[in-house]
Amino acid sequence: MLKLFFAALCLAALAPAALADEILAREWGAEAGHLYEETAEVLNGAALPARYEDELVRFAVTADRLGNWIDATDRPHDLGCIFRGMADEAEVQLHMLHLPGARQRALRRLATLFHDAESLALAAAYSDGQSHIASEDEPASCPVNPEAVHQYLTEQP
């Protein structure tokens with residue numbers, strides 16, 4: 001009887017943590033929308049806000065955290081890969097903002113990233129955690145398709 005009570009207590013304690021990351025995913029998506037708007041304004045001539053880089057770093061760290069959450073909750077593993085890819089891309093573009101002649105291109109890529117992040121956040125928040133169970137035949141890491149990566153990198157606005 002004590003084991004059953006302890007198991008129920010553990011499950012009850014874990015439920016808010018899972019819900020917290022679903023909420024975090026929705027908040028991250030909303031922040032991506034805000035960052036998209038700010039980036040669009042900068043592309044149209046506005047000054048880059050002083051807090052922009054800090055928000056970009058926070059965006060990347062949260063994306064990485066959400067990728068880990070996806071993996072830990074048996075949600076579709078490709079979502080975890082996409083979150084980590086977005087975190088990496090945000091870090092690369094943060095660096096590119098400081099290179100001479102690369103700022104506008106970095107901002108355009110960030111705008112695309114933030115636009116895509118809004119949809120990803122909703123997909124992650126509303127996935128049920130039961131739609132995909134990894135099998136032994138699947139690779140544990142995110143597969144890289146060099147042709148798709150090249151196409152993505154060369155066809156972005």
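Data block above holds the structure.
Scoring rules and cut-offs
- Residues numbered from 1 in each chain as written.
- Predicted model: local features only at pLDDT ≥ 70, side-chain atom pairs only at ≥ 80, totals over all residues.
- Heavy atoms only, no water.
- Phe/Tyr/Trp six-rings, centres within 6.5 Å; stacked < 30°, edge-to-face > 60°.
- Helix = DSSP H or I, 4+ residues; strand = E, 2+ residues; numbered from the N terminus.
- Buried < 20%, exposed > 50% of the residue type's maximum accessible area, 1.4 Å probe, protein only.
- Axes fitted to C-alpha atoms, helices over the stretch in contact; angles between N-to-C directions.
- Parallel < 35°, antiparallel > 145°, perpendicular 65-115°, else oblique.
- Left-handed = near helix turned anticlockwise from the far one by under 90°.
- Contact = heavy atoms within 4.5 Å.
- Core = buried A, V, L, I, M, F, W, Y, C linked by side-chain atoms within 4.5 Å.
- Polar contact = N/O pair within 3.5 Å; in protein donor to acceptor, adjacent residues only side chain to side chain.
- Salt bridge = Lys/Arg side-chain N within 4 Å of Asp/Glu carboxyl O.

Applying the stated rule across the entire model yields three aromatic pairs. Summarising the aromatic geometry, the rings of phenylalanine 59 and phenylalanine 114 are spaced 5.0 Å apart at their centres and angled 90 degrees between planes, so their arrangement reads as edge-to-face. Linking phenylalanine 59 in helix α2 (residues 52-72) with phenylalanine 114 in helix α4 (residues 103-126), this pair joins segments that are 55 residues apart in sequence. Take phenylalanine 59: its relative accessible area is 2%, and that puts it in the buried class. For phenylalanine 114, a relative accessible area of 0% corresponds to the buried category. Three or more aromatic residues link up through ring pairs in this structure, and these residues are Trp28, Phe59, Phe83 and Phe114.

It is at 10 Å that the axes of helix α3 (residues 77-96) and α4 come closest, and there the two elements cross at 160 degrees. By the angle between their axes, α3 is roughly antiparallel relative to α4. α4 is crossed by α3, and the crossing has left-handed handedness. Between α3 and α4, the contacting residues are Leu79, Ile82, Phe83, Met86, Glu89, Ala90, Gln93 and Met96 on the first element and Arg103, Ala106, Arg109, Leu110, Leu113, Asp116, Ala117, Leu120, Ala123 and Ala124 on the second.

Before going further, it helps to examine the nonpolar core. Counting residues in each nonpolar core, the largest one holds 31 residues, and the members touching the most others are Trp28, Phe59, Phe83, Leu97 and Phe114. For this core, the secondary-structure elements that each account for two or more residues are α1 (2-43), α2, α3 and α4. For this core, the leading source of residues is α4, giving ten residues. Every residue in contact with leucine 97, bar those within four places of it in the chain, is listed here: Tyr52, Leu56, Arg103, Ala106, Leu107 and Leu110.

Along the chain, arginine 75 turns up in the loop between α2 and α3. With relative accessibility at 6%, the residue arginine 75 sits in the buried group. A distance of 2.6 Å separates polar atoms of two side chains, one belonging to arginine 75 and the other to glutamate 22. Looking at arginine 75, its side chain comes within polar contact range of the side chain of threonine 73, at 2.9 Å.

With that out of the way, let us pick up the pattern of salt bridges. Applying the stated rule across the entire model yields six salt bridges. Of the charged contacts in the structure, one is a salt bridge between arginine 84 and aspartate 71, with a shortest N-O distance of 2.9 Å. In this pair, arginine 84 is assigned in helix α3 and aspartate 71 in helix α2, connecting sequence segments 13 residues apart. Put simply, glutamate 89 and arginine 109 hold a salt bridge, and the shortest N to O gap is 2.6 Å. Linking glutamate 89 in helix α3 with arginine 109 in helix α4, this pair joins segments that are 20 residues apart in sequence. Grouping residues by exposure puts glutamate 89 and arginine 109 together as buried. Via salt bridges that share partners, Glu38, Arg51 and Glu55 belong to a single interconnected network.

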